[in-house]
Amino acid sequence: MVNCLKTWMPVQNKMFEFERVHGPEDSQDAVFEEVRSLLTSLLDGYNVCIMAYGQTGSGKTHTMMGTQPLEEHAGLQQEAQQGIIPKAAAELFRLISEKPADSHTVEVSVMEVYNNEVFDLLARDEYGNAVGQRRDILTTSSGASQVTALTYEPVCNASEVMQIISSVLKLRAHCPTFIHTDSSRSHLIVTLTISSKGPNALALARRLQSAKMDLQQRSTQKEWWSPRCRRANPAARHSSDEVFASTSSSPCPSPSHSPCPSPRHSISQTPFRTKLQLVDLAGSECVGMSGVSGAGLWEVSCINRSLSALSDVLGALAEQRPHVPYRNSKLTHLLQDAIGGDAKLLVMLCVSPTQRFITESLQSLGFGTRARQVQKEQPRRKNNSLKVK
């Protein structure tokens, strides 16, 4: 319940309902417990997106990153102040460690959406220095969004993930405002891409190898060749020795319709890939509240337009419209396969408890209400694409 007590506004109480509400006394561990179960879904084949929404200074970056996650001071305090991103990375690698060795690989990419343009923060110049380079977004035939020439860094543990992120955070656009002296003026997207080997690929390869060896062994026996195969290959009737000497091909068109399967099997396997997208959105306050001028006005305009586009997308999904306007903003286009489809999306609303920011808080809560109305289709596990030729 929100109490509106400002003098120029009528006294009223507004009610909002969400899955969980955390107060200022709740720890980072308590917040992360709401997220932990989603990470298991990554290894089950689902994309997951966790985003923090709210005005500048409401605690989005603290919720997602924590307070100074890599600085060496007070080890226990440092652990307690870690946000969702470092805790999620640690939990992900813990889950992977319980799987067979080398069954999963993890890559990290870091992007920002600034002034409605996507920048790859891990891109490097000719001297090896990290520089933010602009990238384009494509939509694949399956409806997934793909960033062209995006830089991926392989990682083996959560510490490497946070070191990479911290090394490029200085590239993120910042600007002082009336609300915050170091306000982020871009949307930060950290993506952990998990590639899993198909669980049956190794077993199938062994079966095919065994079948090939059995075929080679049986090819030395005349009685193995059926009359049908001899009729299919007239040359075999005249010189059976030539037929037996050549085991690289079979006259039968298909192993499923013939007793002489072709030994030429090859496996082309598409890796099992899921994405964990962790999004720290820019502040949602209005221009008058931020108090910026000059170039800052354009930044605020781009931020508000992209957040408005995000709200429109959620509204279209909630109303189940035939067209969802993902391409109205680079932010929604980039997150297309994380917001819609069968991916799992969690929105963390960060609001101020003070009357000064009541307008911004009500706007954020309204956004959360719209997100909560989205009834997504039943999630479907992504299957490995396994082709046998």
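The rules behind the values
Residues numbered from 1 in each chain as written. Predicted model: local features only at pLDDT ≥ 70, side-chain atom pairs only at ≥ 80, totals over all residues. Heavy atoms only, no water. 1 Å grid on protein atoms, 1.4 Å probe; cavity = no way out; pocket = protein on both sides within 12 Å on 5 of 7 lines; lining within 4 Å. Points joined across faces, edges and corners; volume = space filled by probe spheres on them. Helix = DSSP H or I, 4+ residues; strand = E, 2+ residues; numbered from the N terminus. Nonpolar A, V, L, I, M, F, W, Y, C, P; charged D, E, K, R; others polar. Expected span 1.5 Å × (residues − 1). Buried < 20%, exposed > 50% of the residue type's maximum accessible area, 1.4 Å probe, protein only. Axes fitted to C-alpha atoms, helices over the stretch in contact; angles between N-to-C directions. Left-handed = near helix turned anticlockwise from the far one by under 90°. Contact = heavy atoms within 4.5 Å. Core = buried A, V, L, I, M, F, W, Y, C linked by side-chain atoms within 4.5 Å. Parallel < 35°, antiparallel > 145°, perpendicular 65-115°, else oblique. UniProt positions renumbered as here; feature names shortened; annotations may be inferred. Phe/Tyr/Trp six-rings, centres within 6.5 Å; stacked < 30°, edge-to-face > 60°.

Counting across every chain of the model gives two cavities of 30 Å³ or more. In this structure, the second largest cavity occupies an estimated 50 Å³ of space. In terms of lining residues, the second largest cavity is bounded by Val 113, Tyr 114, Asn 115, Asn 116, Arg 185, His 187, Glu 299, Cys 302, Ile 303 and Ser 306. Secondary-structure elements contributing two or more residues to the lining of the second largest cavity are β4 (104-114) and α11 (295-318). Considering only residue class, the lining of the second largest cavity consists of four nonpolar, four polar and two charged.

Turning our eyes to something else, we now look at helix α14 (residues 358-372). Relative to the 21 Å expected for 15 residues at 1.5 Å per residue, α14 spans 21 Å between its end C-alpha atoms, a close match to the ideal helical length. Within the span of α14, buried status applies to Ile 358, Glu 360, Ser 361, Leu 362, Ser 364, Leu 365, Phe 367, Gly 368 and Ala 371.

This next bit is on helix α4 (residues 84-97). Compared with the 20 Å implied by 1.5 Å per residue over 14 residues, the 20 Å span of α4 between its first and last C-alpha is a close match. Buried within α4 are the following residues: Ile 84, Ile 85, Pro 86, Lys 87, Ala 88, Ala 89, Glu 91, Leu 92, Phe 93, Leu 95 and Ile 96.

We now examine the packing of α4 against helix α5 (residues 158-168). Orientation of α4 relative to α5, taken along the N-to-C sense of each, is 150°, at an axis distance of 8 Å. Between α4 and α5 lies a crossing of right-handed hand. Facing α4, whose interface residues are Ile 85, Pro 86, Ala 89, Ala 90 and Phe 93, α5 presents Ala 158, Val 161, Met 162 and Ile 165. Split by residue class, the contact of α4 with α5 holds nine nonpolar, no polar and no charged.

Here we take up the nonpolar core. With 39 residues, the main nonpolar core has Ile 50, Val 110, Val 161 and Leu 276 as its most contacted residues. Listed by contribution, the elements that provide at least two residues to this core are α1 (28-43), β3 (48-54), α4, β4, α5, β12 (187-196) and β14 (272-280). With eight residues, the top contributor of residues to this core is α4. Apart from the residues within four sequence positions on either side, Leu 276 is in contact with Leu 39, Leu 42, Val 48, Ile 50, Ala 88, Val 190, Thr 191 and Leu 192. Counting residues in each nonpolar core, the second largest holds 30 residues, with Tyr 53, Val 118, Ala 282 and Val 313 among its members.

Interaxial distance between α1 and α4 falls to 9 Å at its minimum, and their mutual angle equals 40°. One finds that α1 runs oblique with respect to α4. Classified by chirality, the crossing of α4 by α1 is right-handed. Taking contact as the criterion, the partners of Gln 28, Asp 29, Val 31, Phe 32, Val 35, Arg 36, Leu 39, Thr 40, Leu 42 and Leu 43 in α1 are, on α4, Ile 84, Lys 87, Ala 88, Glu 91, Leu 92, Leu 95 and Ile 96. For the contact of α1 with α4, the per-class residue count stands at 11 nonpolar, two polar and four charged.

This part covers the UniProt feature "binding site: ATP" (unreviewed entry) in the protein. Under the local residue numbering, the UniProt record ascribes the feature "binding site: ATP" (unreviewed entry) to Gly 54, Gln 55, Thr 56, Gly 57, Ser 58, Gly 59, Lys 60 and Thr 61. By the element assignment, Thr 56 lies in the loop between β3 and α2 (60-64). Residue class for Thr 56 comes out buried when judged on its relative accessible area of 6%.

Scanning the entire structure with this criterion turns up one aromatic pair. Considering the side-chain rings of Tyr 53 and Phe 367, the 3.8 Å spacing of their centres and the 5° angle between planes classify their relative orientation as stacked. Of this pair, Tyr 53 sits in strand β3 while Phe 367 is found in helix α14, placing the two residues 314 residues apart along the sequence. The same class applies to Tyr 53 as to Phe 367, namely buried.

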